Every structure is written in structure tokens, then in C-alpha cells.
Amino acid sequence: MKHQSRQENLIYLIVWGLLFAAPLLSLYVRTVNDPMLTFDWTEVFLVWRKFAVFLLLFILHNVFLAPLLVHQNRRTLYFSIVAAVLVAFIIYQCSSRPDRPRGHRPPSHIVEGHRPPPPPDEHRPDMHRPDMHRPDMPPPIVGEHDILAIVVLLLMFGANLGTKYYFRSRRDHQKLLNLEKQNLEQQLEYLHYQINPHFFMNTLNNIHALVDIDPAKAQETIVELSKMMRFVLYEGDKHGVPLTRELEFIRTYIKLMQLRYTDKVRIDLDLPAEAPDKTIPPLILIPFIENAFKHGVSYKQESFIEVKISLEDESLRFSCCNSKADVPNQEKGGVGLANVRKRLNLLYDHDYALRIQDNPDVYTVELTIPLS
């Protein structure tokens, strides 16, 4: 906010600096082009004196009047004060005109009651010009220069208001962006809190099942779980993690899940052998894989889960295909695809592609996201 205020004041300083420099440059150019002329500071000071009046009025409007309308929306008070300032300026402008003497005295022959007869019309052609100023009439109250000065003052006030509204809109836009950023971070943090407990719940359920089936594998699973917990605790709250770490997390997770099921469940995992030095939001793909294990594994019939990740043109393509069990896993919890899609919208806006096919026997998810 302070930066934008400095920019606004700098614009005013440059504009007024150029205005006050203009008479100096004009007189200098004229003296250079005409050697008969000399540089006369009196002429410059006369122009500066007129500019000084406008500068004082600008400072009054910029500091005290314009904020009433732009920031406080007090229209009645603003226009009332501006009208009073205009009236005062008109009185000052008309009273300071050099062509308007303080006291006007008619010619002596009128005072004495004698008026010489006018010459014939043919000798006074100017008598037919109604716009010709008569010497015995006072000058008009408001002249052309006065009207021009009033118009300039109004334009100056309007330009000042326009500038302030422009910087106000920029400040409001920046505030809106900051609020949206804070809201995005809060929503992502909320989604992280949803993902992590559900993931640990499923993993602990797997360990509980393995304790009775194969204690040795249960011990191995605990070691793998500790690695995964380290990743979730230290990497899960970051905006991005190395792609290699995320791929290793997925590989470990599926390896852990394979320990729980028999050969009736075919699990295929196809990950790239090498990954570039890119980052990816942590745990962005795990919900789809969890969903596949939850709804695609059957203990009564053969089932399958196929997970494939490929890298193409600075983007990651993820696909997860699973069979649909007659009786899905009844484990509670889960972040749900709606929340996953919401997280993708927050992270990538519309710069991603998610395609879901829910067929009678097969469920397929295809996701393409950019890599950074």
C-alpha cells in the first residue's frame, strides 16, 4: 500500500515539476532563437505565481477533499466544499484581472452633462459592430481567461480524482488477491488434514491384519510405514515436493497394500525409471489409488488394480484402472473425489485435465497435470 502511495505522489511531483519547468524552457528557447531578447525572470515569476495558485488548490484537493469522496464516500460534503472553493476561486480570479480597474470613472464630458454629437454613421463604421467594447463601459465581470482558468481547475480536480480512483482500484485488487491466496492456503491446509488421517487409518488397518497373518511381514510393514510417516510429516504440508520422492511414496504405499491381499488381486504398477528435477504437490495422486483399493478389491472374485504414471512434455499423466467389486470395501473415511477435484482446482485452476469413466465392471481415472 505504501509503495502505491509513493507511486501516486511521484506522478504528481513529475507533473508539477514539468509545469513549473515549462516557462523556463519556453523563455530559454525564445532567447536562443531571437538574440534581441534577454532572459527575464520577471516573466517567469508571473507565470509561476499563477501556477502557485493552482498548486495550492491541488494540494488542498488532494490531501483534504479528494479522500472525502474516494475513501469515505461523503459526496454531499465533498461537492459542497468544492463548490465553495470554486466560488472563492472565481472571486479571486475576477478581482485580480489586470484589465479590470478597482474604480471605474466615466469620461469628464459625461460628468459635466455634455456629450459631443457623434459623427455621421458613414464616418464611424465601428458603430455597426455590437461586439466592439465601448470605452465608457466597464469590462465584463467574467472574461475569457477567467472561464479558461475555471475549466482548468475543474479538469485538475477531475484528473486528481481519476488518479486516486485508479490507485484505489489497484489497492482493492491487491487486497482481493491476498485474501484469495489466504483462503486458498487455508483450504489446502484443510484438505491436507483430511488426507493424512485417512491415509494413516488405512495403513494401520493393514498392519493390524498382517499381525495375525504374518508377523514378519508386519514388522517389515512398520518399517515401511515409518518411511511414509516421515514423508507425510515433513513433506506433506509443502506446496511442492520432488517428483522422485512422490513416486517413491506411491511405490512404497502400493507395496504395503500388496502385503494384505492374496494372488486373486492383481496389482500392476508402472512408474518411470527416471524422473526429471520437477516438483509435484504432495499426496495429490494417493486419493485415487486409495479409492481403487477401497472399491476395486473383492475377496470373493478376481480383481485388479492398474496404476501407470508417464511423463510427457513438462506434464505428468496418471491413470488408475480398477475392477469394481460387487461388495466394495466397507472401510469408513476418505477425502472423496469431490474434495480431490476441489484441491486440483485450487492448485491448478483450469490448467489440468481429469477424466473419469465409471463403467459397469471397470472404473478408470485419467489425470494430466503440469510439472513445475
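Predicted model only: the values in this text are computed from it and were never measured.

*Asks:* An account of the overall build of the protein is needed here, citing residue identities and associated values.
*Replies:* Scanning the protein from N- to C-terminus turns up nine helices and seven strands. Out of the 372 residues in the protein, the part that is buried amounts to 34%. Total accessible area on the protein stands at roughly 24000 Å², and carbon and sulfur atoms take up 60% of it.

*Asks:* An account of the packing of helix H7 (residues 243-258) against helix H8 (residues 286-296) is needed here, citing residue identities and associated values.
*Replies:* Orientation of H7 relative to H8, taken along the N-to-C sense of each, is 15°, at an axis distance of 11 Å. Relative to H8, the element H7 is oriented roughly parallel. For the pair H7 and H8, the crossing hand works out as right-handed. Contacts between H7 and H8 involve Phe 249, Ile 250, Tyr 253, Ile 254 and Met 257 on the former and, on the latter, Ile 286, Ile 289, Glu 290 and Phe 293. Among the residues forming the contact of H7 with H8, the class breakdown is eight nonpolar, no polar and one charged.

*Asks:* Any chance you could break down the pattern of salt bridges for me, citing the residues and the numbers?
*Replies:* Side chains that differ in sign of charge can pair as their charged atoms come close. Per the stated rule, a full pass over the model turns up 10 salt bridges. Taking the shortest distance from any N to any O, the salt bridge between Glu 8 and Lys 164 comes out at 3.0 Å. In this pair, Glu 8 sits in helix H1 (residues 2-33) while Lys 164 sits in helix H5 (residues 144-213), placing the two residues 156 residues apart along the sequence. Like Lys 164, Glu 8 is buried. A salt bridge links Arg 317 to Glu 312; the nearest nitrogen and oxygen atoms lie 3.7 Å apart. What makes Arg 317 partly exposed here is its relative accessible area of 37%. Three or more residues joined by partner-sharing salt bridges are found here, namely Arg 266, Asp 268 and Glu 306.

*Asks:* How would you summarise the pairing of strand S4 (residues 303-312) if you had to cite specific residues and measurements?
*Replies:* Two elements, strand S2 (residues 265-270) and S4, share six bridges in a ladder whose sense is parallel. Counted as the bridge partner of Asp 268 is Glu 306 from S4. Inspection of the sheet shows S4 paired to strand S5 (residues 315-323) by eight bridges, in the antiparallel sense. Counterpart to Leu 311 in the pairing with S5 is Leu 316. If you look at the hairpin formed by S4 and S5, you'll find two residues sitting between the two strands, and Asp 313 has a positive phi there, around 50°.

*Asks:* So what about unusual backbone geometry? Which residues, and what values?
*Replies:* Of all residues except glycine, most have a negative phi; of all peptide bonds, most are trans. If you check the backbone angles, Asn 73 has positive phi at about 55° while not being a glycine. Along the polypeptide, Asn 73 turns up in the loop between helix H2 (41-70) and helix H3 (75-95). The exposure class assigned to Asn 73 is partly exposed, which follows from its relative accessible area of 49%.

*Asks:* How would you summarise the sheet that holds S5 if you had to cite specific residues and measurements?
*Replies:* The five strands lie next to each other as S2-S4-S5-S7-S6, forming an open sheet whose pairing is mixed. The two strands at the open ends of the sheet, each matched to only one other strand, are S2 and strand S6 (353-358). On average, adjacent strands in this sheet sit at an angle of 5° to one another, irrespective of strand direction. Bridging between S5 and strand S7 (residues 362-370) involves nine bridges; their strand directions are antiparallel. Residue pairing across strands places Ser 315 opposite Pro 370, the latter belonging to S7. Those strands touched by H7 are S2, S4 and S5, and its axis lies near 165° from that of S2. Contacting S2, S4, S5, S6 and S7, H8 runs over the sheet at an angle of about 10° to S5.

Analysis parameters
- Residues numbered from 1 in each chain as written.
- Predicted model: local features only at pLDDT ≥ 70, side-chain atom pairs only at ≥ 80, totals over all residues.
- Heavy atoms only, no water.
- Helix = DSSP H or I, 4+ residues; strand = E, 2+ residues; numbered from the N terminus.
- Buried < 20%, exposed > 50% of the residue type's maximum accessible area, 1.4 Å probe, protein only.
- Areas by Shrake-Rupley, 256 points an atom, 1.4 Å probe, with all protein chains shown as cover.
- Axes fitted to C-alpha atoms, helices over the stretch in contact; angles between N-to-C directions.
- Parallel < 35°, antiparallel > 145°, perpendicular 65-115°, else oblique.
- Left-handed = near helix turned anticlockwise from the far one by under 90°.
- Contact = heavy atoms within 4.5 Å.
- Nonpolar A, V, L, I, M, F, W, Y, C, P; charged D, E, K, R; others polar.
- Salt bridge = Lys/Arg side-chain N within 4 Å of Asp/Glu carboxyl O.
- Pairing = 2+ DSSP bridges.

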